[in-house]
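# Residue-level structure breakdown
Each chain is listed here by its residues.
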Amino acid sequence: MKVLIASDHAGLELRQELVASLKERGVAHDDVGPVTRDSVDYPDFATRVARAVAAGEYALGVLVCGTGIGMSIVANKHRGVRAALCTTEFEARMARAHNDANVLCLGQRVVGAGVGRAILEAFLSTPFEGGRHERRVQKIREAESQG
Ligand code: RB5
């Protein structure tokens, strides 16, 4: 499993914290950046991660901005991406188990480093349950193609 992570300037420190967590846990990953706090546009970074996950180049994506909202809006515009904005471990577990979410969005201005790390851990370690949830995820795919 390989993870692609990115942020904007407002999510830089939490992203660095999450990258440290991925390293500590030995999770294969690539970090898109940015590397400085210079102002950037979150749609550019969300699109890079969303396209790579949708193309199957990465199993999961992680996006951090100030609130996580902008990243999640953009990521969910991409077919095949199910981005979940999570503020708790519970939401992260449910996003994986029930929604088969493949992109985690976090807000640095919303959650601290410890909670952010715990959310990431829950997201990475929870499998999709399938079963009745597979039918519902299939309906998400149908909604994407019907517009
Ligand atoms: C940047 O100031 C901020 O708008 C952005 O990080 C994000 O919170 C948008 O949803």
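Right above here is the structure, for reference.
Note that the structure is a prediction, hence the values are computed from the model and not measured.

Okay, the packing of helix α4 (residues 89-97) against helix α5 (residues 113-125) next. Running from N to C, α4 and α5 point in directions that differ by 20°, and their axes come no closer than 8 Å. In terms of orientation, α4 lies roughly parallel with respect to α5. Classified by chirality, the crossing of α5 by α4 is right-handed. Of the residues in α5, those touching α4 at Glu89, Ala92, Arg93, Ala95 and Arg96 are Ala118, Ile119, Ala122 and Phe123. Grouping the amino acids of the contact of α4 with α5 by side-chain chemistry returns six nonpolar, no polar and three charged.

Around the ligand sit Asp8, His9, Ala10, Tyr42, Cys65, Gly66, Thr67, Gly70 and Arg109, and those are all the residues in its vicinity. Between the ligand and Arg109, the relevant distance is 3.5 Å, taken from an oxygen atom to a side-chain nitrogen or oxygen of the residue. For the ligand, whose unbound accessible area comes to 300 Å², protein coverage reaches 72%. Here the residues of the shell around the ligand are counted per class, giving three nonpolar, four polar and two charged.

Applying the stated rule across the entire model yields nine salt bridges. The partner of Arg117 in a salt bridge is Glu17, and the shortest N-O contact between them spans 2.8 Å. Of the two residues, Arg117 sits in helix α5 while Glu17 sits in helix α1 (residues 12-24), which places them 100 residues apart along the sequence. Of the residues examined, Arg117 reaches a relative accessible area of 21% and is grouped as partly exposed. For Arg96, the salt bridge is made with Asp100, and the minimal N-O distance between the two is 3.1 Å. For the residue pair Arg96 and Asp100, the accessibility class agrees, reading buried in each case. If you follow the salt bridges from partner to partner, you end up with Glu17, Glu24 and Arg117 in one network.

Our next topic: the state of the cysteines. Scanning the model with the defined rule gives zero disulfides in all. Free of any disulfide, Cys65 has its nearest neighbouring cysteine sulfur in Cys105, separated by 7.4 Å. Among the residues examined, Cys65 registers a relative accessible area of 4% and is labelled buried. The thiol of Cys86 is unpaired, and the distance to the nearest cysteine sulfur, on Cys105, comes to 8.1 Å.

Attention now goes to the environment of Lys77. Inspection of the secondary structure puts Lys77 in the loop between α3 (69-75) and β4 (83-85). Residues Lys77 and Thr47, spaced 30 residues apart in sequence, show a C-alpha to C-alpha distance of 9.0 Å.

Let's shift gears to the sheet that holds strand β2 (residues 28-31). The sheet built from five strands is open, its strands ordered β2-β1-β3-β5-β4 with parallel pairing. Every interior strand has two partners, whereas the edge strands, β2 and β4, have only one. Strand-to-strand twist of the sheet, defined as the mean angle between neighbouring strand axes without regard to direction, takes the value 20°. Pairing of strand β1 (residues 2-7) with β2 involves four bridges; the strand directions are parallel. In the strand pairing of β2, Ile5 is matched with Asp31. The strands that α1 touches are β1, β2, β3 (60-65) and β5 (103-107); relative to β1, the one it contacts most, it runs at about 160°.

Reading the values: rules and limits
Residues numbered from 1 in each chain as written. Predicted model: local features only at pLDDT ≥ 70, side-chain atom pairs only at ≥ 80, totals over all residues. Heavy atoms only, no water. Axes fitted to C-alpha atoms, helices over the stretch in contact; angles between N-to-C directions. Helix = DSSP H or I, 4+ residues; strand = E, 2+ residues; numbered from the N terminus. Parallel < 35°, antiparallel > 145°, perpendicular 65-115°, else oblique. Left-handed = near helix turned anticlockwise from the far one by under 90°. Contact = heavy atoms within 4.5 Å. Nonpolar A, V, L, I, M, F, W, Y, C, P; charged D, E, K, R; others polar. Near = heavy atom within 4 Å. Polar contact = N/O pair within 3.5 Å; in protein donor to acceptor, adjacent residues only side chain to side chain. Areas by Shrake-Rupley, 256 points an atom, 1.4 Å probe, with all protein chains shown as cover. Salt bridge = Lys/Arg side-chain N within 4 Å of Asp/Glu carboxyl O. Buried < 20%, exposed > 50% of the residue type's maximum accessible area, 1.4 Å probe, protein only. Disulfide = S-S within 2.5 Å. Pairing = 2+ DSSP bridges.

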